[in-house]
Amino acid sequence: MFSIFTSLPPSMNIILFGSTGCGKSSIINMLLGHDAAPTSSGAVGCTFENSVYVTRMEEKEYRIYDTTGLDEGDAGTVVSKDALVKLYKLLRNLEDGITLLVYCMRGPRITEALQRNYIVFYDGFCRKKVPIVLAVTALEDQEPDMESWWTENKDAFQKYGMEFSGHACITATRGKKMRNGEFRNQAEYSESQGVMRDLIVKHCRGVEPWKLNLVYIHSELDLALFF
Ligand SMILES: Nc1nc2c(ncn2[C@@H]2O[C@H](COP(=O)(O)OP(=O)(O)O)[C@@H](O)[C@H]2O)c(=O)[nH]1
Ligand SMILES: [Mg+2]
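Residues numbered from 1 in each chain as written. Chains lettered and ligands numbered in written order. Predicted model: local features only at pLDDT ≥ 70, side-chain atom pairs only at ≥ 80, totals over all residues. Heavy atoms only, no water.

**A closer look at the overall build of the protein chain**
Assigned secondary structure in the protein chain consists of 6 helices and 6 strands. Taken from N to C terminus, the helices and strands of the protein chain fall in the order β-α-β-β-α-β-α-β-α-β-α-α. Sorting the 227 residues of the protein chain into buried and exposed places 45% on the buried side. Considering only contacts within the protein chain whose residues lie at least 6 apart along the sequence, 70% involve residues at least 24 apart. On the protein chain, roughly 12,600 Å² of surface is accessible, and the fraction owed to carbon and sulfur atoms is 50%. (Helix = DSSP H or I, 4+ residues; strand = E, 2+ residues; numbered from the N terminus. Buried < 20%, exposed > 50% of the residue type's maximum accessible area, 1.4 Å probe, protein only. Contact = heavy atoms within 4.5 Å. Areas by Shrake-Rupley, 256 points an atom, 1.4 Å probe, with all protein chains shown as cover.)

Rendered as structure tokens:
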């Protein structure tokens, strides 16, 4: 007698990270095609816990993680180090490992925190073992088009030692609803949706997920000692 065992493929885990208000939750809603992740326009971030959203693209399942803003603290209610500990624990507990990191930033300016967070998260936590891509939001007014932002700014990333396997220059919100009932940035938004989905699908293809399990950090104190 024969029996056929079919094992499910491991799920692909995509981690979105970046500072508060850079558009992580908006990107997730854009990828999903509906509003599932709460977004916030206030100074205080609204993602205090890491949450996961599941979506299908090109017949594959992707688990997209919305994470706490890395530089929340001061005015915010979540302390930055606490956010780091939570992120670290999230990464460590992913049984199938990490498939792709998406570093989100709000254009058009490159900030100091951008490099710091890249170093802590990518070099520190992930030991550069996972593919990382960049998503730059708020480029709806970029002339002549959103992608031109990368051409203008790519040298700066190189200068600061930040390398990415791919990038997306996008608009993660539709913008204001106009009198004629249409949204101001609908065209840029629709284009961005395609660009963002393609970026994830392309950079997850053939990736061997990476498991972070060598170092164990249990508290803020451990983390402080670690760095
Ligand atoms: N103009 C503009 N606003 C955006 C864009 N993406 C997000 N936002 C707005 O920025 C604010 C913060 O976005 P949110 O997704 O909550 O950021 P998060 O804290 O990284 O999750 C919200 O008011 C969004 O509507 C964008 O591409 N352009
Ligand atoms: Mg959020």
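**Section: the site of ligand 1**
Taken together, 18 residues sit near ligand 1, with Gly21, Ser25, Ser26, Glu140 and Ala172 positioned nearest. Between ligand 1 and Gly21, the relevant distance is 2.8 Å, taken from an oxygen atom to a main-chain nitrogen or oxygen of the residue. One of the backbone nitrogen or oxygen atoms of Gly23 is found 3.0 Å away from an oxygen atom of ligand 1. About the coverage of ligand 1: the protein hides 85% of its 580 Å² of free accessible area. Here the shell around ligand 1 gets 3 residues from one element, more than from any other, and that element is helix H1 (residues 24-32). When grouped by side-chain class, the residues that make up the shell around ligand 1 number 3 nonpolar, 12 polar and 3 charged. (Near = heavy atom within 4 Å. Polar contact = N/O pair within 3.5 Å; in protein donor to acceptor, adjacent residues only side chain to side chain. Nonpolar A, V, L, I, M, F, W, Y, C, P; charged D, E, K, R; others polar.)

**A closer look at the sheet that holds strand S5 (residues 132-137)**
Judged by pairing direction, the sheet is mixed, and its 6 strands sit side by side in the order S2-S3-S1-S4-S5-S6 without closing on themselves. Edge strands, defined here as strands with exactly one partner in the open sheet, are strand S2 (51-57) and strand S6 (166-169). When strand polarity is set aside, the average angle formed by the axes of neighbouring strands in this sheet is 25°. As judged from the 4 bridges shared by S5 and S6, these two strands associate in the parallel manner. By the bridge assignment for S6, Val136 is matched with Cys169. Its contacts with the sheet put helix H3 (residues 112-125) on strand S1 (12-17), strand S4 (100-106) and S5, and the angle it makes with S4 is roughly 165°. Strands in contact with helix H5 (residues 186-204) are S1, S2, strand S3 (60-66), S4, S5 and S6; relative to S6, the strand with the most contacts, it is inclined by about 170°. (Pairing = 2+ DSSP bridges. Axes fitted to C-alpha atoms, helices over the stretch in contact; angles between N-to-C directions.)

**A short note on the pairing of S2**
Regular strands show a simple pattern: their side chains alternate between the two faces of the sheet. When S2 meets S3, the two strands line up antiparallel, connected through 7 bridges. Within the sheet, the bridge partner assigned to Arg56 lies in S3 and is Glu61. Hairpin connection of S2 to S3: 2 residues between the antiparallel strands, including Glu58 at a positive phi of 45°.

**As for the pairing of S5**
Judged by how many residues are buried, S5 sits mostly within the fold: 6 of 6 residues are covered. Going residue by residue along S5, you find Ile132, Leu134 and Val136 tucked away on one face and Val133, Ala135 and Thr137 tucked away on the opposite face as well. Pairing geometry for S4 and S5, over 6 bridges, is parallel. When the sheet's bridge partners are listed, Val102 is paired in S5 with Val133. Once you follow S4 into H3 and on to S5, the crossover reads as right-handed. With helix H4 (residues 148-159) bridging S5 and its parallel neighbour S6, the resulting β-α-β unit is right-handed. (Right-handed = clockwise from strand over helix to strand, strands pointing away.)

**Some remarks on the packing of H1 against H5**
One way to put it is that H1 packs onto H5 with a least axis distance of 9 Å and a crossing angle of 90°. Taken together, H1 and H5 sit at an angle that is classed as roughly perpendicular. Along the contact surface, H1 presents Ile27, Asn29, Met30, Leu31 and Leu32, while H5 presents Tyr189, Ser192, Gln193, Met196, Arg197 and Ile200. Taken together, the residues that form the contact of H1 with H5 break down as 7 nonpolar, 3 polar and 1 charged. (Parallel < 35°, antiparallel > 145°, perpendicular 65-115°, else oblique.)

**Examining the environment of Gly97**
Structurally, Gly97 is set in the loop between helix H2 (80-92) and S4. When its relative accessible area of 0% is taken as the criterion, Gly97 is described as buried. Each residue touching Gly97, except ones within four places of it in the same chain, is listed here: Asn13, Pro209, Trp210 and Lys211.

Honestly, it's all geometry; don't read function into it.
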